[in-house]
Amino acid sequence: MSIKIEHLNKTFGSFRALRDISLDIPDGKLTALLGPSGSGKTTLLRIIAGLENASDGRILFGERDISRLPVKERNVGFVFQHYALFRHMTVAQNIAFGPESLPKAQRPPKAEIRKTVTRLLEMIQLPELANRYPAQLSGGQKQRVALARALATRPDILLLDEPFGALDARVRKDLRRWLRGLHDEFHFTSVFVTHDQEEALELSDQVVVMSQGQVEQVDSPTRLYASPASRFVFDFLGHVNIISGSVTDGWLQQGNARVSLPGVSVSGDAQLYLRPHEVRLSVEPGDRACLPFTIEAINLIGAEVRVELKPDGWACDDIWEVGISHGEFSRWQPARGDRCFVTPDIGHLFRNGDNRPETVAWT
Amino acid sequence: MKYQSHHRVGDQPWLRRVLILTAVTLAALLLAIPLLLIFTQAFSAGWDALVSNIGDRYTLHAIGLTLFVALLTVPLNLVFGTALAWLVTRFRFPGRKLLITLIDVPFAVSPVVAGLLYLLLYGRNGWLGSWLADYDVQLMFSWPGIVMVTIFVTCPFVARELIPLMQQQGTEEEEAAVTLGASGWRLFRRVTLPNIKWALIYGVVLTNARAVGEFGAVSVVSGNIRGKTNTLPLHVELLYQDYNIAGAFAAASLLAAIAILTLAIKGVAEWRQAQLLAREPADRNPQ
Ligand SMILES: Nc1ncnc2c1ncn2[C@@H]1O[C@H](COP(=O)(O)OP(=O)(O)OP(=O)(O)O)[C@@H](O)[C@H]1O
Ligand SMILES: [Mg+2]
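Computed from a prediction, not measured in an experiment: that's the story for all the values here.

This part is about the confidence of the model for chain B. Residue and element names in this part refer to chain B. Mean pLDDT over chain B works out to 87, with 92% of the residues at or above the 70 mark. Low pLDDT, under 50, characterises residues 279-287; the stretch is placed with 15 contacts to residues that sit more than four places away or in other chains. Scored as a complex, the prediction yields pTM 0.81 and ipTM 0.82.

Okay, here's the thing in structure tokens:
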């Protein structure tokens, strides 16, 4: 079932937690709500579930306006950040709680509920833990039980608040794959909250980036990464290298650094954003740009070598990071303190006062 | 003096012994010996005398009235305390903090003062009392008055037990139950109640103990009419004033017995809870 959110606002006292959110969440897809702490992700998720009331705005499930509908008539499954398992019930009783809560007329017979529980326990690969209590489970097991409990009512929509937040990296990765598999099999509409950009990009079909109660960008992971729509999204999706300067006659200049800007005709102050993998390193300046650096640090661990650079003869707020292949590293053998130059392939130019980037490509 | 570095701070043997001795002596002097004395005094004239003292018409009536008051007070305060704890821990509303403070008023006010306030308000010449008197309703100096002040004096116990617990447990389990489609009643029965059960029992036990033993507030509003408005604690006082020492101690031993029973129930409640938490998975609901 698709979700449509129209001009949603939420205030706590005088604090505006959500500002004019409009959003389409497609049917049968996994959507990630991504944003820093306090950006309103949990609040939005709770409003979709009906656990919180919006101050104004509408929410539609499919064609139906459910803004005024109580939680239990929305048919959503909710997985809480800290699992919220019923502590005095066994795993099996936890999972059976949903079906047993149905009104008498709709409630399946006891035997059928038991079958559902068994099936779900198998699905979460924990059939031997049916009679354990939540206090006797590990974090990853609790998380899976919470998921099974939410799925037992056959919800149209599954909402997950930081489903893997409290787990260690290994378990997290396993569970992520497992959830993806589950989703591909059952095709419910899922929305999950995360502040981990890697998780959002890896797991979802669509990412909603939020900041300070507003939606910054909605896109597929690939499109989001390829063309972030604002400075905020850029900063949030991993490291980015920034040079600010003034643009004249198609060149950006600051100190003894300069970059050509093909296709840019206007002038004024601007910042150029360059991603670590969208630039190359060389010993001599090229004809596209002259960006001199000295090498600060070299990190060999990982799929590529990460080189940290300090500007030489100009200034920037944050150090630059560039990734080069291990092959290139051994050919070139750079060392700390060496001088080198950056050559850009693709860049994103923000004019002062403008929050929308202009893509610059050198070919 | 030689310094024994392997001892923890404060773990010198002499200090330990002194502390233990002090604690035991104080406990004996202040708690155990007085309790024991009540029973020795009650039994001093023999078993038959005790039975006849308790079997006295007025004493029997006092027992009946005391149990009747407790029987009305406990369920009322159970419902009131649970509802109040639910209200202040599950909802945010203006005046919530004030309400939490107000719950403690019966603890802060001396029971005698509470009794006087009720007399002032509901007595024959009181604001509400004079109006009620026009309809021939008399609350003070009869059992409704005793029940009212007892409810007032004991109303914080259940709420006070529940509020910290419910605050600490949070609302997440209840929210989970709602998203799973549970109705309000089912949510309370299956999710909230099991989590607060032992605190609730503890609150009830305390409420009951206080309701049975309350003296100050009740003595102001009861009028001490023998065989009519005399509760057990008042009766003990009355017998004592009459120099009927054996009778006074016989009645007092009943109150002490109720107290010991209360402690026993409380102990069982706590033990059951500890046992529940410590249960091994193998012992649980084998299928
Ligand atoms: N019940 C509440 N009363 C007052 N303010 C609240 C309440 N719930 C949330 N807020 C505020 O709303 C803002 C958004 O909170 P929310 O929990 O949605 O953030 P979040 O994006 O989920 O953050 P995190 O990643 O840390 O969980 C925060 O500034 C928070 O302080
Ligand atoms: Mg959150």
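The parts lose accessible area when they come together, and the size of an interface is often stated as this lost area. All names here are of chain B. Its domain assignment divides chain B into domain 1 (1-43) and domain 2 (47-278). Distance from the C-alpha centre of domain 1 to the C-alpha centre of domain 2: 33 Å. Listed per partner, the contact involves six residues of domain 1 and 10 residues of domain 2. For the pair domain 1 and domain 2, the two sides together bury roughly 680 Å², of which 86% comes from carbon and sulfur. Linking domain 1 with domain 2 are zero residue pairs in polar contact (both at pLDDT 80 or more), by the criterion used here.

What follows deals with a nonpolar patch on the surface. Residues and elements named next belong to chain B. A cluster of nonpolar side chains, contributed by Leu26, Leu29, Leu30, Leu31, Ile33 and Leu37, occupies part of the molecular surface with about 610 Å² of accessible area. Of note, leucine 37 is situated in helix α1 (residues 13-43). Judged by its relative accessible area of 45%, leucine 37 falls in the partly exposed class.

Residues and elements named next belong to chain A. Of all six residues that make up strand β9 (residues 206-211), six are buried, and the element is covered over most of its length. Side chains of β9 alternate between two faces, with Gln206, Val208 and Met210 and Val207, Val209 and Ser211 buried alike. Here four bridges tie strand β3 (residues 30-34) to β9, and the two strands are oriented parallel to one another. Counted as the bridge partner of threonine 31 is glutamine 206 from β9. As paired strands, β9 and strand β10 (residues 214-219) are joined by five bridges and run antiparallel to one another. Residue pairing for β10: valine 207 is matched across the bridge by aspartate 219. What sits between the antiparallel neighbours β9 and β10 is a turn of two residues, in which glutamine 212 has the positive phi angle 50°.

Let us now look at the nonpolar core. Residue and element names in this part refer to chain A. The biggest cluster of nonpolar side chains holds 45 residues, and the ones touching the most others in it are Ile95, Ile124, Val145, Leu147, Leu151 and Leu158. Here this core takes six residues from helix α4 (residues 139-151), the largest share from any one element. Filtering out sequence-adjacent residues up to four positions away, valine 145 remains in contact with Leu85, Val91, Ile95, Ile124, Leu126 and Leu137.

Moving on, we get to the site of ligand 1. Residue and element names in this part refer to chain A. The local shell around ligand 1 consists of Phe12, Phe15, Ala17, Pro36, Ser37, Gly38, Ser39, Gly40, Lys41, Thr42, Thr43 and Glu162. One nitrogen or oxygen atom from the main chain of serine 39 is found 3.2 Å from an oxygen atom belonging to ligand 1. In this structure, an oxygen atom belonging to ligand 1 sits 2.6 Å away from a side-chain N or O atom of threonine 42. Elements with a contribution of two residues or more to the shell around ligand 1: β2 (15-25) and α1 (41-49). Among the elements that make up the shell around ligand 1, the one with the highest residue count is α1 (three residues). For the shell around ligand 1, the residue count by class is four nonpolar, six polar and two charged.

Our focus in this paragraph is the packing of α4(A) against helix α5 (residues 169-186) of chain A. Residues and elements named next belong to chain A. The contact between α4 and α5 brings their axes to 11 Å, and the two run at 20°. Here α4 is positioned roughly parallel relative to α5, judged by the angle of their axes. Two packed elements cross with a definite hand, and for α4 against α5 that hand is right-handed. Where α4 abuts α5, its residues Gly140, Gln143, Arg144, Leu147 and Leu151 lie against Val171, Leu175, Trp178, Leu179 and Leu182. Taken together, the residues that form the contact of α4 with α5 break down as seven nonpolar, two polar and one charged.

Along its 30 residues, helix α11 (residues 184-213) of chain B runs just 36 Å from first to last C-alpha, ending more than 12% under the 44 Å computed at 1.5 Å per residue. Maximal helix bending in α11(B) amounts to about 60°, located at Leu193(B); proline Pro194(B) follows within four positions.

A word on the packing of helix α8 (residues 143-154) of chain B against α11(B). Residue and element names in this part refer to chain B. The geometry of α8 relative to α11 is characterised by a closest axis approach of 9 Å and an angle of 140° between their N-to-C directions. Regarding the angle of α8 to α11, the classification is oblique. As α8 runs across α11, the sense of the crossing is right-handed. Counted together, Thr150, Val153 and Thr154 of α8 and Thr207, Arg210 and Ala211 of α11 form the full contact between these two elements. Its residues assigned to classes, the contact of α8 with α11 comprises two nonpolar, three polar and one charged.

On the chain B side, the residues contacting the 27 residues of chain A number 23 residues. Its salt-bridge partner being Glu175(B), residue Arg46(A) comes within 2.8 Å of it at the nearest N-O pair. Joining chain A to chain B, the criterion identifies six residue pairs in polar contact (both at pLDDT 80 or more). Of all the secondary-structure elements, those providing two or more residues to the side of chain A that touches chain B are β6 (76-79), α2 (91-100) and α4 of chain A. In terms of residue count, the dominant contributor to the side of chain A that touches chain B is α2(A) (four residues). For the side of chain A that touches chain B, the residue count by class is 12 nonpolar, nine polar and six charged.

Inspection of the entire model under this criterion finds zero disulfides over all chains. Here Cys290(A) is not disulfide-linked; the sulfur of Cys340(A) is the nearest cysteine sulfur, at 11 Å.

Here we come to a positive patch on the surface. Residue and element names in this part refer to chain A. On the surface, Lys104, Arg107, Lys110 and Arg114 cluster together into a patch of positive charge. Relative to the assigned elements, lysine 104 resides in the loop between α2 and α3 (110-123). Judged by relative accessible area, which is 72%, lysine 104 ranks as exposed.

So, on to the sheet that holds strand β4 (residues 56-61) of chain A. Residues and elements named next belong to chain A. Reading across the sheet, the four strands line up as β2-β1-β4-β5 and stay open at both edges, with antiparallel pairing between neighbours. Of all the strands in the sheet, just β2 and β5 (64-65) have a single pairing partner and so form its edges. Where strand β1 (residues 3-12) and β4 come together, five bridges link them in antiparallel fashion. Bridge assignment links isoleucine 5 to a residue of β4, and that residue is isoleucine 59. Lying on the sheet, α1 is in contact with β1, β2 and β4; it crosses β1 at an angle near 120°.

What follows concerns the confidence of the model for chain A. When the pLDDT values of chain A are averaged, the result is 91; 100% of them are 70 or greater. Taken element by element, the predicted model of chain A shows its lowest mean pLDDT in α5(A) (83) and its highest in α2(A) (96).

Another point: the pairing of strand β20 (residues 339-344) of chain A. Residue and element names in this part refer to chain A. Within β20, five of the six residues are buried, which leaves the element mostly enclosed by the surrounding structure. Strand direction decides the pairing type here: strand β15 (residues 279-282) and β20, joined by four bridges, are antiparallel. In the sheet register, valine 279 faces β20, and the bridge partner there is proline 344. Direction of pairing for strand β17 (residues 292-299) relative to β20: antiparallel, over a ladder of three bridges. In the sheet register, proline 292 faces β20, and the bridge partner there is phenylalanine 341.

Rules used throughout
Every chain begins its residue count from 1, and numbering advances along the sequence as written. Labels follow written order: the first chain is A, the first ligand is 1, and so on. Under the rules for a predicted model, residues below a pLDDT of 70 receive no local features and side-chain atom pairs below 80 are neither given nor counted, while totals for whole chains, interfaces and linings still include all residues. Side-chain numbers here rest on the full set of heavy atoms in the structure, without hydrogens or water. Looking at any residue, its pLDDT shows the predictor's confidence there, from 0 to 100. Contacts between residues were defined by any pair of non-hydrogen atoms, one from each residue, lying within 4.5 Å. Domain borders in the structure are assigned automatically or taken from a domain database. In this description, buried area is defined as the sum, over both parts, of the accessible area (probe of 1.4 Å) that is lost when the two are combined. Two N or O atoms count as a polar contact when they lie within 3.5 Å, although within protein this holds only if one can serve as hydrogen donor and the other as acceptor, and sequence-adjacent residues are included solely when both atoms are side-chain atoms. Each patch groups residues whose relative accessible area exceeds 30% and which form no salt bridge, using 9 Å between like charges and 5 Å between nonpolar side chains of Val, Leu, Ile, Met, Phe, Trp and Tyr. Here the Shrake-Rupley method, with its probe set to 1.4 Å, supplies the accessible areas, and only the displayed protein chains count as covering residues. What counts as a salt bridge is simple: a side-chain nitrogen of Lys or Arg found within 4 Å of a carboxyl oxygen of Asp or Glu. Comment: elements are numbered from the N terminus, with helices defined as DSSP H or I runs of at least four residues and strands as E runs of at least two. Relative accessible area decides the class of each residue, using a 1.4 Å probe on protein chains only: under 20% of the type maximum gives buried, over 50% gives exposed, and in between gives partly exposed. Strands are treated as partners if at least two bridges between them are detected by DSSP. Throughout this description, the term nonpolar core refers to a set of buried Ala, Val, Leu, Ile, Met, Phe, Trp, Tyr and Cys residues connected via side-chain atoms within 4.5 Å. One heavy atom within 4 Å of a molecule or strand makes the whole residue count as near it. All residues other than Ala, Val, Leu, Ile, Met, Phe, Trp, Tyr, Cys, Pro, Asp, Glu, Lys and Arg, Gly among them, are scored as polar; the first ten of these are nonpolar and the last four charged. Here the axes come from fitting lines to C-alpha atoms, over the contacting stretch only for helices, and the angles between their N-to-C directions go from 0 to 180 degrees. With respect to orientation, any angle under 35 degrees is reported as roughly parallel, any angle over 145 as roughly antiparallel, any angle of 65 to 115 as roughly perpendicular, and every other angle as oblique. Here a crossing is called left-handed whenever its near helix is offset anticlockwise from the far helix by less than a right angle, and right-handed whenever the offset is clockwise. Expected span of a helix, by definition, is 1.5 Å for each gap between consecutive residues, and there is one gap fewer than residues. Each residue is assigned a bend, namely the angle between axes fitted to the seven residues that terminate at it and the seven residues that start at it. In plain terms, two cysteine sulfur atoms within 2.5 Å form what is called a disulfide here. Residues counted as positive are Lys and Arg, residues counted as negative are Asp and Glu, and His and the chain ends are not counted. Where a charge lies is defined by one atom per residue type: Lys uses NZ, Arg uses CZ, Asp uses CG and Glu uses CD.

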